[in-house]
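# Fold and contact review
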Amino acid sequence: MPTMDTVLTGITTTGTPHIGNYVGAIRPAVTASTREDARTFFFLADYHALVKSTDPDQIARSTLEIAAAWLASGLDPEKVVLYRQSDIPEIPELAWILTCVTAKGLMNRAHAYKAAVAENEAGAGKDPDRGITMGLFSYPILMAADILMFKANKVPVGRDQKQHVEMARDVAARFNHHFGKTFVLPDAVINDETAVLPGLDGRKMSKSYGNTIPVFLPENRLRKAFMKIRTNSQLPHEPKDPDDSTLFAIYKAFATPGETEAMRARYREGIGWGDMKRFLFEYVNDHLSAAREEHGRLLAAPDHVERLLRQGAMKARAVSRPFLDEIRSRVGLRPLG
Ligand code: TRP
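Residue positions are given per chain, counted from 1 along the sequence in the order it is written. Confidence filtering applies because this is a predicted model: local features only for residues at pLDDT of at least 70, side-chain atom pairs given and counted only at 80 or more, and all residues used for totals across whole chains, interfaces and linings. Excluding hydrogens and water, the side-chain figures rest on all heavy atoms present in the structure.

## Remarks on the site of the ligand
Let me state the cut-off plainly: For each residue, the test is whether any non-hydrogen atom lies within 4 Å of the molecule or strand; if one does, the residue is near. In the analysis that follows, any N or O atom pair within 3.5 Å is treated as a polar contact, provided that within protein one partner can donate a hydrogen and the other can accept it, and provided that, for residues neighboring in sequence, both atoms belong to side chains. Exposure was quantified through the Shrake-Rupley algorithm and a 1.4 Å probe, taking into account, for residues, occlusion by the shown protein chains and nothing else. Helix and strand assignments follow DSSP, with helices taken as H or I runs no shorter than four residues and strands as E runs no shorter than two, numbered in order from the N terminus. Residues were grouped as follows: Ala, Val, Leu, Ile, Met, Phe, Trp, Tyr, Cys and Pro as nonpolar; Asp, Glu, Lys and Arg as charged; and all remaining residues, including Gly, as polar.
Neighbouring residues of the ligand: 15 residues in total, closest T12, H48, Y139, D146 and Q161. A distance of 3.1 Å is found between an oxygen atom of the ligand and a side-chain nitrogen or oxygen belonging to T12. Alone, the ligand offers 360 Å² of accessible surface; in the complex the protein occludes 90% of this. Counting only elements with at least two residues in the shell around the ligand, the list comes to strand 1 (5-12), strand 2 (38-45), helix 2 (46-52) and helix 7 (134-149). Tallied by class, residues from the shell around the ligand come to 8 nonpolar, 5 polar and 2 charged.

## A few points about helix 13 (residues 302-331)
Where we set the bar: Helix span is expected to be 1.5 Å times the residue number reduced by one. Here the bend at a residue is taken as the angle between two axes, fitted respectively to the seven residues that end there and the seven that start there. Only protein chains enter the calculation, and the probe is 1.4 Å; a residue is then buried if its accessible area is under 20% of its type maximum, exposed if over 50%, and partly exposed in between.
Between the first and last C-alpha of helix 13 there are 40 Å, a value that for 30 residues agrees with the 44 Å anticipated at 1.5 Å per step. Remark: the principal bend of helix 13, roughly 35°, maps to R317. Here helix 13 has its buried residues at V305, L308, L309, G312, A313, A316, S320, F323, L324 and I327. With its phi angle positive at about 105°, G332 sits one or two positions after the end of helix 13.

## Some details on the pattern of salt bridges
Keep this limit in mind: In what follows, salt bridge is the name for a side-chain nitrogen of Lys or Arg lying within 4 Å of a carboxyl oxygen of Asp or Glu.
In the structure shown here, the tally under the stated rule is 19 salt bridges. Between R321 and E90 there is a salt bridge whose closest N-O contact spans 3.3 Å. With R321 in helix 13 and E90 in helix 4 (residues 90-99), this residue pair connects regions lying 231 residues apart in the sequence. Accessibility expressed as a relative area gives 29% for R321, which makes it partly exposed. Via salt bridges that share partners, R84, D87, E306 and R310 belong to a single interconnected network.

Next up, the structure:
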């Protein structure tokens, strides 16, 4: 019998949202949230942020910026459960319970952990553990708790997070095997159609490459950022290859299919890079300006955002509190009489 989907996803609060996040995560999340046939949970993964950053102000600022970005982009907090992970004490408690049924060998295979070890082994000191915290090692278990707590069956994530969702599935199955059917086994949802945007230098737009364009930059700084996008040295009037152009890739992520086709023709006709940059900036700027204003209003009203998040947490806890009581009882943490 088909039941209603429960869709859940989180964003780690360590940075300022950029247009790659906007196109790849924020916009699809807002669209998904309008589905009538799904319950949606979106949260700010601030416990995960602690794994990646020891800068308290950065984490607090990023939490506000990302919440404001979601809201300004049209996420309706009446339609979705929007909350901050650290407002849900049931999550770390569940993470511990799951830790106790998770094989260490499974965690050893996590890509992010393995990459950190490999980098250490290649480095001068050869200490494989250098800079690796237990938070990094156990990161997939906390993520499993996020997902399993709300019985999510669909988890939209970037490709790099797919393995973590599969691990959540393994952990859930193991728990169910020991203690009886408790958790829903989640599936990652990877949308290959959502563009992975290139950044200023043509590589994937990513905070770690320092090539991002923050989505809600003030207009004059947004213009400057667009002018810096790398192009090749072809001259105006020379025919150009749209599929080898960062400017085109960004345009395509915002434009309609018809507009995209028309732009292909202009590339063939030899549109100049300067003209294309100005055109692209105007286009994206028009697309973003209303949301940018709203984002600014929200940043100036952090108490309002705080209130919305607390209301979201109340809705989330109405689910997590009773479910955790059931889980506790299953593993033997029970009232004695
Ligand atoms: N680890 C995810 C990321 O870095 C964020 C995240 C935390 C998440 N918990 C989650 C995503 C649960 C989906 C479901 O992108």
